[in-house]
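Each chain, written out:
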2 protein chains.
Amino acid sequence: MKQATRQKLIETGARIMHHKGYNYTGIQEVLRAAAVPKGSFYFYFRNKEDFGMEVVDHYTARYKDRVTPLLDDKSMPPLKRIAAVLDMFIDLYAGTDFTLGCPIGNLSQEMGDLSPAFRSKLQQSVREMSTLYEQVLQEAKQTGDMQLLLDPGELADFILVGWQGALVRMKIEKSPKPLENHKNIVMKILEAALPYY
Amino acid sequence: MKQATRQKLIETGARIMHHKGYNYTGIQEVLRAAAVPKGSFYFYFRNKEDFGMEVVDHYTARYKDRVTPLLDDKSMPPLKRIAAVLDMFIDLYAGTDFTLGCPIGNLSQEMGDLSPAFRSKLQQSVREMSTLYEQVLQEAKQTGDMQLLLDPGELADFILVGWQGALVRMKIEKSPKPLENHKNIVMKILEAALPYY
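The rules behind these values
- Residue positions within a chain follow its written sequence, with the count starting from 1.
- Chain letters start at A and ligand numbers start at 1, both assigned in the order the entries are written.
- The predicted nature of this model means local features are confined to residues of pLDDT at least 70 and side-chain atom pairs, given and counted, to a pLDDT of 80 or more, with totals for whole chains, interfaces and linings taken over all residues.
- By convention in this description, side-chain values take in all heavy atoms of the structure and omit both hydrogens and water.
- Between N-to-C directions, angles span 0 to 180 degrees; the directions come from axes that are lines fitted to C-alpha atoms, helices contributing only their stretch in contact.
- The secondary structure listing takes helices from DSSP runs of H or I that are at least 4 residues long and strands from runs of E that are at least 2 residues long, numbered from the N terminus.
- Here roughly perpendicular refers to angles of 65 to 115 degrees, roughly parallel to angles under 35, roughly antiparallel to angles over 145, and oblique to all remaining angles.
- Note: crossing handedness is left-handed where the near helix turns anticlockwise from the far helix by less than a right angle, and right-handed where it turns clockwise.
- What makes two residues a contact is simply this: any of their non-hydrogen atoms within 4.5 Å.
- Each residue is assigned to one class: nonpolar for Ala, Val, Leu, Ile, Met, Phe, Trp, Tyr, Cys and Pro, charged for Asp, Glu, Lys and Arg, and polar for all the others, Gly among them.
- The nonpolar core is taken to be a set of buried Ala, Val, Leu, Ile, Met, Phe, Trp, Tyr and Cys residues, with the residues joined through side-chain atoms within 4.5 Å.
- The buried label goes to any residue with under 20% of its type's maximum accessible area, the exposed label to any with over 50%, and the partly exposed label to all in between, with areas taken from a 1.4 Å probe on protein chains only.
- What a helix is expected to span follows from its residue count: subtract one and scale by 1.5 Å.
- Reported buried area values correspond to the accessible surface (1.4 Å probe) lost by two parts on association, with both partners' losses combined.
- We define a salt bridge as a side-chain nitrogen of Lys or Arg found within 4 Å of a carboxyl oxygen belonging to Asp or Glu.
- Polar contact is the term for a pair of N or O atoms within 3.5 Å; when the atoms are in protein, one must be able to donate a hydrogen and the other to accept it, and sequence-neighboring residues count only if both atoms are side-chain atoms.

**Some words on the packing of helix α1 (residues 2–20) of chain A against helix α2 (residues 27–34) of chain A**
Residues and elements named next belong to chain A.
Turning to step 1, where the next piece is worked out: Remark: α1 packs on α2, axes separated minimally by 9 Å, with the N-to-C direction vectors making an angle of 120°. In this view, α1 runs oblique relative to α2, as classed from their interaxial angle. Read as a crossing pair, α1 and α2 show a hand that is right-handed. Contacts between α1 and α2 involve Lys8, Leu9, Thr12, Gly13, Arg15, Ile16 and Lys20 on the former and, on the latter, Glu29, Val30, Leu31, Ala33 and Ala34.
Turning to step 2, where the next piece is worked out: In terms of residue class, the contact of α1 with α2 is built from six nonpolar, two polar and four charged.

Next up, the structure:
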């Protein structure tokens, strides 16, 4: 029961924070939306920042839940799994009219200069995300599906960082084009299919 | 005199908005920081959104002022000019301890879902930026400095979008590494120097 209420507050906070950011999200608003009595917040969390950290962990866990079934699907060659993840996200954002963007990118942008605790939690989050791709790229290197000799960790960061930029562009273009452009060029890089004359 | 006061308000607003974003920037705060009498704001601007649009134009103009001397420098081969721009920005952000990030990216993130007027102004801004790189890439294609056969416009967007993502990552890493990683891989792509076996 205690755990269920705590989890409900985190999920409600994650939804509101994705729309409004950290600073504009009020604790009272989260409690009201979760139908949890006022005053019980500090029973579950030390303070708002502590709550924010839990929300970041929630985003990271949800990201992994979405991504790992595709990245671990050995029925596909490794690079196709990366393409499948990017396509999955394009569909996901199409379903919300290309709004909101990446909650981790948004919080990085909002909190990166303001809170060392947030900063280190967000670093941990992007490293966990990046590692998922690094492992698949490592696998692709070993199987020979990828002939690119760049460091898989740096390559994973390059892909993810560019994707977060594409999600920012998406918010003003309100179209899948920035995501598709990033995916197309990244896949050509990975598949040694960039057209040179 | 009128023009000077107007310009001072825009520059002061640009500085504050870069730190705090659009929503947290108060008109009174801008007037106070610019030492302009209260009440005169509406003499210069219709409303806060109108003021915000002018600030975006200011960011775009300042960006061009920084970038075009390098991109137009015919003493360098075209691709080296792009590398020089990215190095210039790495130095710039090092000078502010890797804080703040790109004001246009920040506003895209903050305002993309909130204001159609902002969205279209920001679209215009990123297109103007992108065109600067597109022209250099077109030149590099013609001179043979670049053998990559991708569309220069899509390639310019890929580079800029990734750079904006790298600036978001920079804010949580507080290091030049995300920017350097993006630059290194982009330059290898452009110079046909990606290492494949």
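Following the structure, the description resumes.
**Overview of the nonpolar core**
Turning to step 1, where the next piece is worked out: If you look at the biggest cluster of nonpolar residues, it comprises 130 residues, and the most contacted ones within it are A:Tyr133, A:Leu190, B:Tyr133 and B:Leu190.
Turning to step 2, where the next piece is worked out: Ignoring any residue separated from it by four or fewer positions in sequence, one finds B:Tyr133 in contact with B:Tyr63, B:Val67, B:Leu71, B:Ile82, B:Val85, B:Phe89, B:Ala156 and B:Leu160.

**With respect to helix α5 (residues 78–94) of chain B**
All names here are of chain B.
Turning to step 1, where the next piece is worked out: Compared with an ideal rise of 1.5 Å per residue, which puts 17 residues at 24 Å, α5 spans 25 Å between its outermost C-alpha atoms and is within 8% of the ideal.
Turning to step 2, where the next piece is worked out: Among the residues of α5, those classed as buried are Pro78, Leu79, Arg81, Ile82, Ala83, Ala84, Val85, Leu86, Phe89, Ile90 and Tyr93.
Turning to step 3, where the next piece is worked out: Buried residues along α5 sit against α4 (48–71), α7 (116–143), α8 (152–173) and α9 (177–190).

**Brief notes about the interface of chain B and chain A**
The parts lose accessible area when they come together, and the size of an interface is often stated as this lost area.
Turning to step 1, where the next piece is worked out: Counting residues at the interface gives 50 residues for chain B, matched by 50 residues for chain A.
Turning to step 2, where the next piece is worked out: Both faces considered, chain B and chain A share a buried interface measuring about 4,800 Å² in area, 62% of it formed by carbon and sulfur atoms.
Turning to step 3, where the next piece is worked out: Across the chain B-chain A interface, the total number found is eight salt bridges.
Turning to step 4, where the next piece is worked out: A salt bridge links B:Arg127 to A:Glu173, with the nearest nitrogen and oxygen atoms 2.5 Å apart.
Turning to step 5, where the next piece is worked out: Remark: the boundary between chain B and chain A carries 24 residue pairs in polar contact (both at pLDDT 80 or more).
Turning to step 6, where the next piece is worked out: At the level of elements, α6 (103–111), α7, α8 and α9 of chain B are the ones that each hand at least two residues to the side of chain B that touches chain A.
Turning to step 7, where the next piece is worked out: It is α8(B) that provides the largest number of residues to the side of chain B that touches chain A, a total of 15 residues.

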